[in-house]
Amino acid sequence: MQNVMHKYPEVPAYFLKIGEGGIFDQPSVISTVLGSCVTVTFHCARTKTGALFHAILPKLRTYEKKPDDVNPYKYVDSAIICLHRSLKARGIRMADVETKVFGGAGILLEGQLSSGQANVKVAFETLAALKMKVLATDVGGDRGRRLVFISHTGEVYIRTHSKNLQNT
Amino acid sequence: MNILIVDDSRSARTHISNVLVRYGNCDFAVNGAEAVERFSAALESGTPYDLIIMDIVMPEMDGFAAAEKINRIQEEKNIDAAQLSKMIMLSGQDDPEHMLKAHFETGVEHYITKPFEEKTLVEALTNLGLIEAPIDLEEPLCKT
């Protein structure tokens, strides 16, 4: 097993914090750590372009009165819409873009959505509304995830934390 | 690794087993009811499945009902968390309703949509901890 930096020695590495996101048109390795937050990765195999974000809350308009002044990557719906728009603006065909959804862990409560579940629900609904292809998902459960995204290949590797969210 | 592939489509079963046969022994079920029978028999014989690949839309019993029955059997048997069979739902249903039901009502954390590529299934096996990752995920990356 290789350290990721040994497998991709010339490739820059970034750590994605909450509320961050963006497009990577040069090969990059991006890692983040998710609890109830959600990351959606985007990959276009034709142009080897990758994109992702790390959002903490589901819907921008639920929380913000002036949506235009807000960091879009803080919210799941605005982050997806922002990256969809930015990829299209670069001439990337949405039919060539595949997405994967990660995170959304939380303690399930009888009869109500956990914050993780609410984030995942909005991610699925926003991607479906934009007719984006969801390739794979690794969401829910009660444990956090460490995620590594290889932007030019679209690979995503996850290590699930050994302790559940109540114990962290 | 013992693997159970549950799908009513022969071509899907063949496609999935062509990918997985290098990682273990593949058994097959053509609907949810047969999957529950095979799962119980394997558990009783002391050779439980490490991985179950579950379709959703199938005759007789669908994948959601089968997954719930399998979860209940494991709960009743008090199987240690580390020994529970891992499950991937692999379905042509790519709408939010099916995916949310799989994750938050059935408790399946891994979902792949059809048509799928080999690398997507292998990546899921890696992320379930069933095969070694090509990179070391424990090593911290430099933060730039």
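Because the structure is a prediction, the values reported are computed rather than measured.

Calculation rules
Residues numbered from 1 in each chain as written. Chains lettered and ligands numbered in written order. Predicted model: local features only at pLDDT ≥ 70, side-chain atom pairs only at ≥ 80, totals over all residues. Heavy atoms only, no water. Helix = DSSP H or I, 4+ residues; strand = E, 2+ residues; numbered from the N terminus. Buried < 20%, exposed > 50% of the residue type's maximum accessible area, 1.4 Å probe, protein only. Polar contact = N/O pair within 3.5 Å; in protein donor to acceptor, adjacent residues only side chain to side chain. Contact = heavy atoms within 4.5 Å. Core = buried A, V, L, I, M, F, W, Y, C linked by side-chain atoms within 4.5 Å. pLDDT = per-residue confidence, 0-100. Salt bridge = Lys/Arg side-chain N within 4 Å of Asp/Glu carboxyl O. Nonpolar A, V, L, I, M, F, W, Y, C, P; charged D, E, K, R; others polar. Pairing = 2+ DSSP bridges. Axes fitted to C-alpha atoms, helices over the stretch in contact; angles between N-to-C directions. Parallel < 35°, antiparallel > 145°, perpendicular 65-115°, else oblique. Left-handed = near helix turned anticlockwise from the far one by under 90°. Right-handed = clockwise from strand over helix to strand, strands pointing away. Arc of directions from axis to C-beta.

*Asks:* Sorry, what's going on with the side chain of Thr137(A) here?
*Replies:* As for its position among the elements, Thr137(A) is in strand 8 (residues 133-139). The class for Thr137(A) is buried, based on a relative accessible area of 3%. A distance of 2.7 Å separates a polar atom in the side chain of Thr137(A) from a polar atom in the side chain of His103(B). Setting aside residues up to four positions removed in sequence, Thr137(A) forms contacts with Val101(A), Phe124(A), Met99(B), His103(B), Glu109(B), His110(B) and Tyr111(B).

*Asks:* Honestly, the nonpolar core in this entry has me stumped. Any pointers?
*Replies:* Across soluble globular proteins, nonpolar side chains have a tendency to be buried as a group. Val40(A), Phe42(A), Phe53(A), Val101(A), Ile52(B), Met54(B) and Met89(B) are the most contacted members of the largest nonpolar core, which totals 55 residues. Each residue touching Ile52(B), except ones within four places of it in the same chain, is listed here: Leu4(B), Val6(B), Phe39(B), Ile70(B), Ser85(B), Lys86(B), Met87(B) and Ile88(B). One finds Ile5(B), Cys26(B), Leu51(B) and Ala124(B) within the second-largest nonpolar core, a separate group that totals 19 residues.

*Asks:* What is the right way to read the side chain of Arg145(A) from this model?
*Replies:* Counting through the fold element by element, Arg145(A) comes out in strand 9 (residues 143-150). On the accessibility criterion, Arg145(A) (1% relative accessible area) is buried.

*Asks:* Would you mind showing me how to read the confidence of the model for chain B here?
*Replies:* Atomic detail in the predicted coordinates should be set aside for any region of low pLDDT. Scored by pLDDT, chain B has a mean of 94; 96% of the residues are at 70 or more. As scored by the predictor, the complex reaches a pTM of 0.93 and an ipTM of 0.93.

*Asks:* Is there a simple way to think about the interface of chain B and chain A in this case?
*Replies:* Frequently, the measure chosen for interface size is the accessible area that the parts lose on association. Residue-level contacts link 30 residues of chain B with 40 residues of chain A. Viewed at the interface, chain A and chain B are joined by two salt bridges. With its nearest N and O atoms 3.1 Å apart, the salt bridge here joins Glu109(B) to Arg145(A). Viewed at the interface, chain A and chain B are joined by 11 residue pairs in polar contact (both at pLDDT 80 or more). No other element matches helix 4 (residues 96-104) of chain B, which puts five residues into the side of chain B that touches chain A. Residues of the side of chain B that touches chain A, tallied by class, amount to 14 nonpolar, seven polar and nine charged.

*Asks:* How do you make sense of the sheet that holds strand 6 (residues 49-53) of chain A when you look at a structure like this?
*Replies:* Each strand in a sheet pairs with another by means of backbone hydrogen bonds, the pair being arranged parallel or else antiparallel. Taken in spatial order, the 10 strands make up an open sheet running 3(A)-6(A)-5(A)-7(A)-8(A)-5(B)-4(B)-3(B)-1(B)-2(B), and their pairing is mixed. Each of the sheet's edge strands pairs with one partner strand only, and the pair in question is strand 3 (21-24) of chain A together with strand 2 (25-29) of chain B. When strand polarity is set aside, the average angle formed by the axes of neighbouring strands in this sheet is 15°. As paired strands, strand 8 of chain A and strand 5 (residues 110-113) of chain B are joined by three bridges and run antiparallel to one another. Each residue of the ladder has a partner; that of Thr137(A), found in strand 5 of chain B, is Tyr111(B).

*Asks:* Please clarify how the pattern of salt bridges should be interpreted in this entry.
*Replies:* Pairing between side chains of opposite charge can happen when their charged atoms approach one another. Under the criterion given, the structure shown has 14 salt bridges over all chains. The shortest N-O distance in the salt bridge between Asp96(A) and Arg46(A) comes to 2.8 Å. Residue Asp96(A) is found in the loop between helix 3 (76-89) and strand 7 (97-103), and its partner Arg46(A) is found in the loop between strand 5 (38-44) and strand 6; the two are separated by 50 residues along the sequence. Across the pair Lys100(A) and Glu123(B) runs a salt bridge, and its minimum N-O distance is 2.7 Å. Taken together, the residues Lys100(A) in strand 7 and Glu123(B) in helix 5 (residues 118-127) connect one chain to another. Neither residue differs from the other here; Lys100(A) and Glu123(B) are each classed as buried. Each of the salt bridges in this network shares a partner with another, and the network as a whole consists of Arg46(A), Arg93(A) and Asp96(A).

*Asks:* Would you take a moment to explain the packing of helix 2 (residues 32-44) of chain B against helix 3 (residues 63-76) of chain B for this structure?
*Replies:* When two helices pack together, their arrangement is given by the angle between the helix axes and by the axis-to-axis distance. All names here are of chain B. Running from N to C, helix 2 and helix 3 cross one another at 20°; their axes reach a closest spacing of 9 Å. When the axes of helix 2 and helix 3 are compared, the pair comes out roughly parallel. For the pair helix 2 and helix 3, the crossing hand works out as right-handed. Together, Gly32, Val36, Phe39, Ser40 and Leu43 of helix 2 and Ala66, Lys69, Ile70, Ile73 and Gln74 of helix 3 make up the contact between the two elements. Grouping the constituent residues of the contact of helix 2 with helix 3 by class yields six nonpolar, three polar and one charged.

*Asks:* Where do I start with the pairing of strand 4 (residues 86-91) of chain B in this structure?
*Replies:* For a regular strand, the rule is simple: side chains alternate between the two faces of the sheet. Residue and element names in this part refer to chain B. For strand 4, the tally of buried residues reaches five of six residues, placing the bulk of the element in the interior. Bridge analysis of strand 3 (residues 51-54) against strand 4 gives four bridges, and the strand direction is parallel. Residue pairing for strand 4: Ile53 is matched across the bridge by Ile88. With respect to chirality, the unit in which strand 3 leads through helix 3 into the neighbouring parallel strand 4 is right-handed.

*Asks:* Which parts of the structure should I look at to understand helix 4 of chain B?
*Replies:* In an α-helix, one turn spans 3.6 residues, which is why side chains three or four residues apart end up on the same side. Along helix 4 of chain B, the residues that are buried comprise Pro96(B), Met99(B), Leu100(B), Ala102(B), His103(B) and Phe104(B). Mapping the buried residues of helix 4 of chain B onto a view down its axis gives an arc of 165°, with all of them on the same face. Here the buried face of helix 4 of chain B lies against helix 4 (115-129) and strand 8 of chain A together with helix 3, strand 4 and strand 5 of chain B.

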